[in-house]
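Each chain is listed here by its residues.
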Amino acid sequence: MKGPESLMNTLFQSRISFWAFLCTGNKNKQTKYLVILFVLIDNIFNVVAFAFTELFGKQGRRKHLKLFRVLRKTSDLRERKQMKVLEIISPVLVMIILGILCRKWKLLNKNGIDSMKALVTNIMLPVAIFHALATSDYGAETAKLVGIMFIMLVVSFGIGFLMKPLMTENYRKYLPFMVSVYEGGSMAYPLYTSLCGQDNLSQIAVLDIAGLLFGFSIYMGMLGQTENGEKINVKNLAVSAVKTPAFIASVLGIIAGLTGVIKLLLAGPAGGIYTSVESILTTALTAIILIVVGFSMELTPELFGPCVRTIVMRIVLQAVMIVCVLLAVHSFIGSNKLLDLAVITYMSAPATFSMQTFLKREDGSAYVSTTNSLYCIVSVVVYMILALFTY
């Protein structure tokens, strides 16, 4: 293939030859038309020659090649980010779709889903909670972060009750539970590690400690009373919490974390045995929860309005809460970009998917599942904005 310089020389030689032909040829009518035509062609040549010089001249070539490399690098980075998002979201979407298909093809029925919920709430989830808390690092900074997040959860949960009049009557009782608490494991964690790397996972994991403590004590206890049509009773709430496997696992996990028992076990010869048992008990946890979410999901016209209204209210409330938490973190702990990104990513996640396993009513289950599934879009949009400003 000829280079730009060879092409320029060929055009220039053709131009000279044609002018020579016109000067030596017969001066008839046809020649005059040829002269007019060639003047037009010559002007076009001048434009092309200028463009070639600008684009492929020594200085022009370097300038445009540099611009091309920058554009190509930007394009490649954008494609990698898009693929990262797909890697994170695809498993979630696939399992939710499988849950929908299991209902449509009647591979599972309500009794089967109830059995899966019982397996999750009584065995798999408590084991996962215990391990997460038992292997966490506890220090002064951790205590401050947990305190800030716990206060925020209580405040946002309380505001949820004040917002109930804004919700349609059928789903009003679920609103406080839908505007607080976050899905860490299936949504916030993978998005954050994609953004900041696996080595910085502890930045967001420590935020989830407060979520686990609040979520499997006050939050799930009150959800159970609400679902059973009972009035909120502090005494019954305390009794229910003590009997809940997830809450017991939270307390034992914190004790194990403070004493360092599990860390010593992991460092010893029996560490591999513990890890293997914990892994086989919890590996399928997220998949089962997402299948339950998909099974209960119903995107009907009647349900779409309440779901969108809930999403808007959660976005507004969480935006205010994010600002408040960031101000508190900067005041009591200090400025930390990785921690700031962790707060924004974590608090942009939907309400916990585990909530689904504590619901008994089909209409409530459909509302919660559909809202959480749609809210995943918000989480991805926030992630993409953070990625745009981070890189």
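Everything quoted here is computed from the prediction, not taken from an experiment. (Residues numbered from 1 in each chain as written. Predicted model: local features only at pLDDT ≥ 70, side-chain atom pairs only at ≥ 80, totals over all residues. Heavy atoms only, no water.)

Draft legend 1. The arrangement of helix α12 (residues 271-282) in detail. For α12, built from twelve residues, the straight-helix expectation of 16 Å at 1.5 Å per residue is met to within 8% by its first-to-last C-alpha distance of 17 Å. The complete set of buried residues in α12 reads Gly-271, Tyr-274, Glu-278 and Thr-282. With its buried residues spanning 65° around the axis, α12 presents them on a single face. Facing away from the buried surface of α12 by more than 90 degrees, the exposed residues are Ile-273 and Ile-280. Tucked inside the fold, the buried residues of α12 contact α4 (110-134), α11 (261-267) and α13 (285-296). (Helix = DSSP H or I, 4+ residues; strand = E, 2+ residues; numbered from the N terminus. Expected span 1.5 Å × (residues − 1). Buried < 20%, exposed > 50% of the residue type's maximum accessible area, 1.4 Å probe, protein only. Arc of directions from axis to C-beta. Contact = heavy atoms within 4.5 Å.)

Draft legend 2. Structural view of empty space enclosed by the protein. As enumerated under the stated definition, the model contains one cavity of 30 Å³ or more in all. The volume enclosed by the largest cavity comes to roughly 40 Å³. With four residues, the single largest contributor to the lining of the largest cavity is helix α16 (residues 362-390). For the lining of the largest cavity, the class distribution of residues is six nonpolar, three polar and no charged. (1 Å grid on protein atoms, 1.4 Å probe; cavity = no way out; pocket = protein on both sides within 12 Å on 5 of 7 lines; lining within 4 Å. Points joined across faces, edges and corners; volume = space filled by probe spheres on them. Nonpolar A, V, L, I, M, F, W, Y, C, P; charged D, E, K, R; others polar.)

Draft legend 3. Quick peek at the packing of aromatic side chains. One pass over the full model with this rule turns up ten aromatic pairs. Residues Phe-150 and Phe-214 carry aromatic rings whose centres are separated by 5.8 Å and whose planes lie at 85° to one another, so their mutual orientation is edge-to-face. On the criterion of sequence distance, the pair formed by Phe-150 in helix α5 (residues 140-162) and Phe-214 in helix α8 (residues 201-227) is long-range, its members being 64 residues apart. Under the relative-accessibility criterion, Phe-214 is labelled buried at 1%. Relative to Tyr-219, the ring of Phe-177 has its centre 5.4 Å away and its plane inclined at 75°; by these criteria the two rings are edge-to-face. (Phe/Tyr/Trp six-rings, centres within 6.5 Å; stacked < 30°, edge-to-face > 60°.)

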